Amino acid sequence: MAVAVAASLLPFFYHLLVLSASRWLYAGAAYIAYNTSGSLVPGKINVHLVPHSHDDVGWLKTIDQYYVGSNNSIQGACIQNVLDSVVEALLKDKNRKFIYVEMAFFHRWWRQQSDTTKKSVKGLVSSGQLEFINGGWCMHDEAAVHYIDMIDQTTLGHQFLKQEFGQVPRIAWQIDPFGHSAVQAYLLGAEVGFDALYFSRIDYQDRQKRTDTKSLEVVWRGSKTLGSSVDIFTGIFPKDYEPPPGGFYFEVNDESPVIQDDPLLFDYNVQERVDDFVAAALSQANITRTNHIMFTMGTDFKYQYASSWFRQMDKFIHYVNKDARINALYSTPSIYTDAKHAANEAWPLKMDDFFPYADRANAYWTGYFTSRPALKAYVRMLSSYYLAARQLEFLKRGSYGLTTNSLAEALAIAQHHDAITGTEKQHVADDYAKRLAIGYTEAAKLVESTLTSLTESHSSSGHDGGDAVTTKFEQCSLLNISYCPASESEIKDGRSLVVLVYNSLGWRREDIIRIPVISDAILVTDHEGKIIKSQLLPINSASLSLRKTYVQAYIGNSPSVTPKYWLAFPVTVEALGFSTYFIRSSETRGTHAFMSIVDSSQGMKNSTKEVEQGNLKLQFNHDGKLSFYFNKRSLVKTSIEQTYSYYVGNNGSEIDPQASGAYVFRPSGKFPIESDKVPLTILEGPLLHEVHQQINSWIHQITRLHKTNEHVEVEFIIGPIPSNDGIGKEVVTQFTTTMDTRKTFYTDSNGRDFIKRIRDHRSDWNLQVNQPVSGNYYPINLGMYIEDEETELSVLVDRAVGGTSLVDGQVELMLHRRLFHDDSRGVAENLDEEICIDTKCEGIIIQGKLYIRVDPLGKGAQWRRSTGQKIYSPLLIAFSEEHGGNWSNSHATTFSMMDHSYSLPDNVALITLQELQDGNVLIRFAHMYEADEDKNLSEMAYVDLKKIFPDKKISKIVEMNLSANQERQQMEKKKLKWQVESSPSADTVVRGGLVDFTELVIELGPMEIRTFILNFNNT
């Protein structure tokens, strides 16, 4: 009975309980004003919350698809939403902060905004709520990029920020590139004026050791030559660039538990979430020096609905600070860096670089050093073209609406760490190439217009924009595959082909150029009418097949004419100038171009063949393989063998399912590519000799000796790599000598410094070797070399590749890759590039060049540096027509911007000459040598500006930082100085002094790049 009564009273008591609780809950559930005004608290762990979104300028979608939010079946991402949403969220609370990195996106967004929005955003920037970090057009790669391109894309972004906001970014934020270069640290870090560099991707073994020893934050000294003057504080994230472990992702569809702090609702969890936050902070603090840690609050394409992030961070700051065990605050990398500096800590010292990168035992990200070799070559070719086009843009000083801007932006986007790397989807790679092609087309118009204005001898023609231009120049963008309509037409009826050759280097240049022609009854003369010795070389079938396929693919139809010969002839061109040559028909046999003598080794047994031109002699053995090298001048003799092989790309079917793909190189065996005998066809002539070899059905090679050069040029055509066996192949070539190199070799860093590599060794930890091939591959942009006690072998490249020395005395370079499995790193697509004509598709064919030389020990640096500069900056060739033989009477046939008696020192390169929007001129000079690299050239260099600009008067010169957004002296005054735990003996850094305005002579110490803004008095 009692039990029944009690049971009947339960609903009543429950009603009273709810009523009482509701009154209390309503009283406690009023509007909460979250206190987000956190600041640094001495003596506590300070958690710096850094809101960010990592926005790839192309990867799975194209840059424009990412921006507008289209093609979301691939990935739901819209940068417009991110920026719109972030600005709105920041305006709601003055304590909130956000950092943004990629100016390619921000620039798109900015030009679409109203004046009202722009005013609000400028207020956010000036208050520090919105901070631009890195500030380049993209977050560039650090392995497959050339240092000039890194500088240019960074400058493009920095100039935009300076012009629109008056802002100078302080921090390098390279959070996603797949390994990190020394050049990034000292050149694109310290020399830009950055106070710190932050990133996440380092080798998993390296990360473990640094975690154990609290050395994830270091001072990085990236240059042996510039030493402590380029030290930069470097922070490596404990895991990645995402929020810490424990559930702190807050996009609208993320699964992390939000803070539920309304007591009227179920699942109230404030203390639980505060505890999670404190636990994550303490865990990170245990592996971090000082009482400051950074939480990277964001990841790829986040903040599309920014309020969902900021609402939760507001709550965390509010409740964590009320909890009082630690301190949380909105922050930026700049604030974090200042706090680290104020701690007055001594930091571990890091030298060299962070290559190669592996994220686990069998996953070395060294395949992308070579992935998409055709795109890599296209970027490199247009990089040098952009350098030359800007020089000509400056020379014209008023281009009537023609600019290099489109090419500048296309090249800048192409430096992205999922662009030139070859790690994007195919349709995105196509989009990059399309943008580059459009940029080239626009720049080519400017180049041709400028050449017209420079050659027209009458000032009334082509100079004031009002007169009709009579001279028309055209260029041949497919000259590399022997397609050039300008040179392939018949020369008759008194017509001559005009060949103008422009030299973008600061030195007088002598070289041999080649153009395709259809007739052998021709001769070449210079601008004075003197006959130039020339040579005809029959175009081989492999080159013609390549030409037919790719011309049809590029222009939509097959060429109407097939050239028979390459016409080769020597040219001499002054620094920053041009020379003109003429190709005419000739009926007189004695004046014709020399027809190469053809010698075939087919049918010859058990015999060697010697090929000698100039000072070089090569020997090929009875199998047709290169076997011996002799330089008559230096007396260097060495056995050397070139071979081809391929690695089988792992298909992911083993216990560890890691496959070889766009990023990862994981070989499953190596197989030689050879036939029983490689027949030789030798072309001999007065200018050059060529040895043609069909290595197998899909590899053709030409070994070339120039009369005036002391190196071997190897031109290869590779592809289509067979796919019928279903086996992915990664094609390499080896140059093998008997040199005793003791596991040591040297590779360049982004085309600048050379870094010593030791096989199966890392300087920062004891390497556990689990991938003896891919774990010893390094990125190469300029070249690599090996040496013993007597000689050194150097190999230079024409694009970014991967390379190694797996055997003493051997250099190995990966030239091409075709793979049929994805490596599970996000791109979700096989690296299987094809070219399609109508409905027929086949694997892509690549053509490229290598340059090989053997020198006495200590004598190779000069060749590597000077020839490397020529490879980067080939001669620019343009064509026109002459009728009646009177070109010289109406046109300038030679030109040099510089004083004819002057050239740059042999150790200095002009890497930028560009007219800016305000009419000032940006100019950069680079010392090409490291300290002690060459006995004579690793010295102070001197550049005379008066002789570079003899016809102009410099009215003002200001030295700038590398990206030209602040004066150098101001940068040096502001630069943070960092203490290191232990340092090598005191370094002596040689740098150039201040420029005396009366003398205008620039000094450059080894490895120094100096940037200036010039103003010319045009009166």
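Computed from a prediction, not measured in an experiment: that's the story for all the values here.

Further remarks concern the overall build of the protein. Looking only at helices and strands, one finds 20 helices and 51 strands in the protein. Over its C-alpha atoms, taken along the principal directions, the protein stretches across nearly 130 × 70 × 65 Å. Here the protein holds 1019 residues, and the buried ones make up 61% of them. Pairs at least 24 residues apart make up 76% of the contacts formed inside the protein by residues separated by at least 6 positions. Counting every atom, the protein has about 38,700 Å² of accessible surface; 50% of that belongs to carbon and sulfur. The centroid of the 100 positive side-chain charges in the protein is displaced by 1 Å from the centroid of its 123 negative side-chain charges.

Another aspect to go through is the packing of helix α3 (residues 79-92) against helix α5 (residues 115-127). At a closest axis distance of 11 Å, the pairing of α3 and α5 adopts a crossing angle of 65 degrees. Considering how the two elements wind past one another, α3 and α5 form a crossing that is left-handed. On the side of α3, the interface is formed by V87, L90 and L91, while α5 contributes S120, V121 and L124. For the contact of α3 with α5, the residue count by class is five nonpolar, one polar and no charged.

A word on the sheet that holds strand β21 (residues 594-595). Think of a sheet as strands paired side by side through backbone hydrogen bonds, with each pair either parallel or antiparallel. Taken in spatial order, the four strands of this open sheet run β15-β19-β18-β21, and their pairing is mixed. Pairing within the sheet leaves two strands with one partner each, and these edge strands are β15 (509-517) and β21. Note that strand β18 (residues 535-538) and β21 share two bridges and pair parallel. Within β21, the position partnered with Q535 by the bridge is F594.

Moving on, we get to empty space enclosed by the protein. Applying the stated criterion to the full structure yields 11 cavities of 30 Å³ or more. Volume-wise, the largest cavity comes out at about 170 Å³. Looking at the largest cavity, it is lined by 14 residues, and the ones nearest its centre are H146, G751, L782, G868 and Q869. With five residues, the top contributor of residues to the lining of the largest cavity is helix α17 (residues 861-872). For the lining of the largest cavity, a count of residues per class yields six nonpolar, five polar and three charged. Of the voids in this model, the second largest cavity is the one considered here, and its volume is about 110 Å³. Lining the second largest cavity we find 13 residues, and of these E217, I236, P238, Q284 and Y336 sit closest to its centre. Of the residues in the lining of the second largest cavity, the class split is nine nonpolar, three polar and one charged.

To continue, consider helix α16 (residues 541-555). Helix length check: α16, at 15 residues, gives a terminal C-alpha distance of 21 Å against a target of 21 Å (1.5 Å per residue), a fit within 8%. Turning to α16, its buried residues are A542, S543, L546, R547, T549, Y550 and V551. Buried residues along α16 sit against α15 (485-488), β30 (699-706), β31 (712-718), β40 (834-837), β41 (840-843) and β42 (846-856). For α16, the capping residue at the N-terminal end is N540, with a side-chain oxygen 3.1 Å from the backbone nitrogen of A542. Phi for G556, located one or two positions after α16, is positive at around 95 degrees.

A few words now on the sheet that holds strand β33 (residues 744-748). With respect to topology, 10 strands assemble into an open sheet ordered β22-β28-β29-β30-β31-β42-β37-β36-β33-β34, the strand pairing being antiparallel. Across the chains shown, the open sheet's two edge strands, defined by having one partner strand only, are β22 (597-600) and β34 (754-758). Each neighbouring strand pair of the sheet contributes to a mean axis angle of 20 degrees, computed without reference to strand direction. Here β31 pairs with β42 via seven bridges, running antiparallel. Of the residues in β42, the one forming a bridge with E715 is K849.

The next subject is the environment of F98. Summarising the element assignment, F98 is placed in strand β2 (residues 98-100). A relative accessible area of 1% means that F98 is categorised as buried. Between the C-alpha atoms of F98 and V943, which are 845 residues apart in sequence, the distance is 44 Å. Excluding anything up to four places from it in sequence, F98 contacts P51, H52, S53, V86, L90, Q129, L130, E131, Y303 and F310.

Now for the nonpolar core. Membership of the largest hydrophobic core comes to 124 residues, with the highest contact counts inside it found for Y100, F106, L130, F277, Y303, L813 and L850. Considering every element that reaches this core, the biggest residue donor is helix α10 (residues 306-323), with eight residues.

The next point concerns the packing of helix α13 (residues 405-414) against helix α14 (residues 426-455). Interhelical geometry of α13 versus α14 gives an angle of 155 degrees and a closest axis separation of 7 Å. One finds that α13 runs roughly antiparallel with respect to α14. Relative to α14, the crossing made by α13 is left-handed. Each of S406, L407, A410, L411, I413 and A414 in α13 lies in contact with α14, whose residues at this interface are Y432, R435, L436, I438, G439, Y440, E442 and A443. A class-by-class count of the residues in the contact of α13 with α14 yields 10 nonpolar, two polar and two charged.

For the coordinates displayed, the defined rule picks out two disulfides. In this model C476 forms its disulfide with C484; the gap between the sulfur atoms is 2.0 Å. Its S-S torsion of approximately 55 degrees makes the covalent link between C476 and C484 right-handed. In this pair, the class of C476 matches that of C484, namely buried.

Summing up the model confidence of the protein, the mean pLDDT is 93 and the portion of residues at 70 or higher is 94%. For residues 1-27, every residue scores under 50 in pLDDT, and the model assigns this stretch three contacts once sequence neighbours within four places are set aside.

About the thresholds
Residues numbered from 1 in each chain as written. Predicted model: local features only at pLDDT ≥ 70, side-chain atom pairs only at ≥ 80, totals over all residues. Heavy atoms only, no water. Helix = DSSP H or I, 4+ residues; strand = E, 2+ residues; numbered from the N terminus. Buried < 20%, exposed > 50% of the residue type's maximum accessible area, 1.4 Å probe, protein only. Contact = heavy atoms within 4.5 Å. Areas by Shrake-Rupley, 256 points an atom, 1.4 Å probe, with all protein chains shown as cover. Lys, Arg positive; Asp, Glu negative; His and termini not counted. Charge placed at Lys NZ, Arg CZ, Asp CG, Glu CD. Axes fitted to C-alpha atoms, helices over the stretch in contact; angles between N-to-C directions. Left-handed = near helix turned anticlockwise from the far one by under 90°. Nonpolar A, V, L, I, M, F, W, Y, C, P; charged D, E, K, R; others polar. Pairing = 2+ DSSP bridges. 1 Å grid on protein atoms, 1.4 Å probe; cavity = no way out; pocket = protein on both sides within 12 Å on 5 of 7 lines; lining within 4 Å. Points joined across faces, edges and corners; volume = space filled by probe spheres on them. Expected span 1.5 Å × (residues − 1). Polar contact = N/O pair within 3.5 Å; in protein donor to acceptor, adjacent residues only side chain to side chain. Core = buried A, V, L, I, M, F, W, Y, C linked by side-chain atoms within 4.5 Å. Parallel < 35°, antiparallel > 145°, perpendicular 65-115°, else oblique. Disulfide = S-S within 2.5 Å. pLDDT = per-residue confidence, 0-100.

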